Amino acid sequence: MDLHIGYDETCSQKLSENSQYWSQLFAHAYLYRNNPEDVACRDFAFHDVPAFDIPFTPAENISSQQQTGSPRLPTSSSPAYVPPPDILYAIGNVEWRIVSNSPGPTNTSGYSSIHMFLGISSAAIEEAKLGNDFPASIPSISITSPTDETIRHCASLGISSETIQRARAALDNSKDNHLAVLTIAWTYILSALWGESQGGTSQYLDVAPENPCEDDQIVYIPGEESGAVNWWRQLLAQPSGWKVTMEYRGTAYHSPWNIRIPGDEVKFRVLSKTPPIARLLEPPDAATALKYLAQYCAFHGLTMQAETALAAALVLPTHLSAGIQVQVNLPKPVHAIDIFAVGSRGDSQQPNPELPLLRLLPQLPHLMTISACGIKNLLLGAFYNPNVPSTLCGEWFQPAVRAWPQSLAHASAIGCLRSPCLSRWWIGAGVTSFIVPRLIRLECCMWYTNLHLALWTGSARLSPHSHLCRVLAEEGITLHTTTEADIRLVLRADEILAAFLSSATGPQKMFLSFPPAPFHPPGYAELDKSSLQIIRAASSGIALRLEFMNCAWKTRGDTGKKPMSYPVTEPTIPSPGILLEWEIPAIESLIGSAQNASENVTRSIMDWICGYRGIEADQDRGDLDLEELFAVYDDDD
């Protein structure tokens, strides 16, 4: 179907140009496949994010139009039976101020809805594998060759000299990888914070000790705190030796950061010079657990790996909203550094308030809010290009999707280069195996816009994931018009933004839901056949924009809080490296899928604007065949 004049001639040319761009970018990212952290920012960028520290009121049966990803709700043949949902949501409204540069009191308010994962049942807990090959940073301590005393001490603990030699080789080849065990530790810390905010309960579970095995991954706990040894043992027990739950309508719910490690996966063996407490005490709170983690990482030189693991833990709720099953698959553990720590170094440590990881504690409740909203759409924004209209988005998107690498580290580096301010999230998505090719292909140029997440992460300005993010720009939206044969025309890319800003009408002042169409519509529409609000805005030449005001959650006891403000970290875009040749699909194989993708996005965005102000403004333009474009709806009927 011809969407616009010259489409067939343009398609092949654009595919060729875009394929060349993606080929160069993929080749650049390929240089960092062994350590994508080299092109990632050290810290998360965020500001104005409300903290996850208030008791939310659960919301059930969120429709697919309200929440991307289908809630997995059980069904029953009995209409009188209402089963408990597998997933609970918290809901709220984001208050925006529509700011105009015109003189006088013209600013008004509008609201958009927000949905956040609040709890999951035992059946919805993600079962994680431990088998991907995502690389980890090298431990930041020096290791000497094992002494005879170290070897004898390890032998007394059932650790053979062959295991020690394999650990030595792993360190020599930079293969030490603690990302899985550190991610598991973060799931406890985030779950504990969740429980503390939601009135949940934490408890240790009775687990039977397992006989040590030669293949066990050693986790050596330094220091003299028996509570730390107990925590690590319960944390890494299989089945799990802890749980944090809250009760809702007679059902126990876990945090959305909880995962389950199957018993047939890697086994962990916790060793320490300090004996554990014989009887189980109360589990530590989040702050104490973070101290235990920080001490472990400082002793073994694993602080950078722990920061990467935090990013992975924060991505876990996004797996619930993927739309398809994307199993959590963490990197295969290789605990070489722990083996050398057994009997080789003095490890008496006093609690250190300057432990690097402790600085993250006040940030965690704010990062949890972003995490619980799901960041899939932000990640897909790496494929957004503000210079590409909807009619050519398939030609832009398809060369990247069809060549998307299987290597998670390579894919993470691509995302870091395309969206630097979201690089921590891209790294986390690589560690959890979220950014697999089949997920990227499924989206096919269509994802929803999350204005609040774009604002909170700083990506609205630095790495926008949608055309709609332009409404947050400081300069505002000014409608660009022109005249053709005495007919006033308005640029559709501007018109649709003005339509969104003027859609917050009625007593609730809710903005109309925007379609999953991140690319702007092409060409011009007849201004005088558009809506009255758009005609007025174009005639006056005013600039409009959205300004974040507040986020009001539905909370228990009316204890909602206003957001706290944090500065946005502005990352430096990595400089280009040496370009290598990269194999891309043949242009001919992409034409059909590219055209279909462009048609779908254009249909979605034009359906929205025509539903807002009618079809008359486009009928005589000749650049889009709307009758044929919308014929698919008649076919569906």
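As a starting point, this report considers the structure included with it. (Residues numbered from 1 in each chain as written. Predicted model: local features only at pLDDT ≥ 70, side-chain atom pairs only at ≥ 80, totals over all residues. Heavy atoms only, no water.)

**What to know about unusual backbone geometry**
- Along the chain, Gln238 connects to Pro239 via a cis peptide bond; the corresponding omega equals 0°.
- Even without being a glycine, Asp48 presents a positive backbone phi close to 55°.
- The phi angle at Cys445 is positive, at roughly 75°, despite the residue not being glycine.
- With respect to the element layout, Cys445 can be found in the loop between helix H14 (437–443) and helix H15 (451–456). (Helix = DSSP H or I, 4+ residues; strand = E, 2+ residues; numbered from the N terminus.)

**Comments concerning the environment of His254**
- If you trace the backbone, His254 turns up in strand E9 (residues 251–254).
- In contact with His254, not counting residues within four places along its chain, are Leu118, Gly119, Ile120, Ser121, Ser122, Ile125, Trp194, Lys243, Val244 and Thr245.
- Side-chain polar atoms of His254 contact the side chain of Asn258, separated by 3.5 Å. (Contact = heavy atoms within 4.5 Å. Polar contact = N/O pair within 3.5 Å; in protein donor to acceptor, adjacent residues only side chain to side chain.)

**Thoughts on the packing of aromatic side chains**
- Evaluation of the coordinates by the stated rule reveals 30 aromatic pairs.
- An angle of 75° between the planes, with centres 6.0 Å apart, marks the rings of Phe26 and Trp404 as edge-to-face. Of this pair, Phe26 sits in helix H1 (residues 7–30) while Trp404 sits in the loop between helix H11 (393–402) and helix H12 (408–418), and the two are 378 residues apart along the sequence. As far as the burial class goes, Phe26 and Trp404 line up, both buried.
- Aromatic rings pair up to connect Tyr21, Trp22, Phe26, Phe383, Tyr384, Trp396, Phe397, Trp404, Trp426, Trp447 and Phe519 into one cluster. (Phe/Tyr/Trp six-rings, centres within 6.5 Å; stacked < 30°, edge-to-face > 60°. Buried < 20%, exposed > 50% of the residue type's maximum accessible area, 1.4 Å probe, protein only.)

**Section: the sheet that holds strand E14 (residues 487–491)**
- The sheet built from 3 strands is open, its strands ordered E13-E14-E15 with antiparallel pairing. Only two strands of the sheet have a single partner each, and these edge strands are strand E13 (481–484) and strand E15 (524–526). Each neighbouring strand pair of the sheet contributes to a mean axis angle of 40°, computed without reference to strand direction.
- The pairing of E13 with E14 spans 4 bridges and is classified as antiparallel. What sits directly across from Thr481, in E14, is Val490. (Pairing = 2+ DSSP bridges. Axes fitted to C-alpha atoms, helices over the stretch in contact; angles between N-to-C directions.)

Any functional reading would require information beyond the geometric quantities listed.
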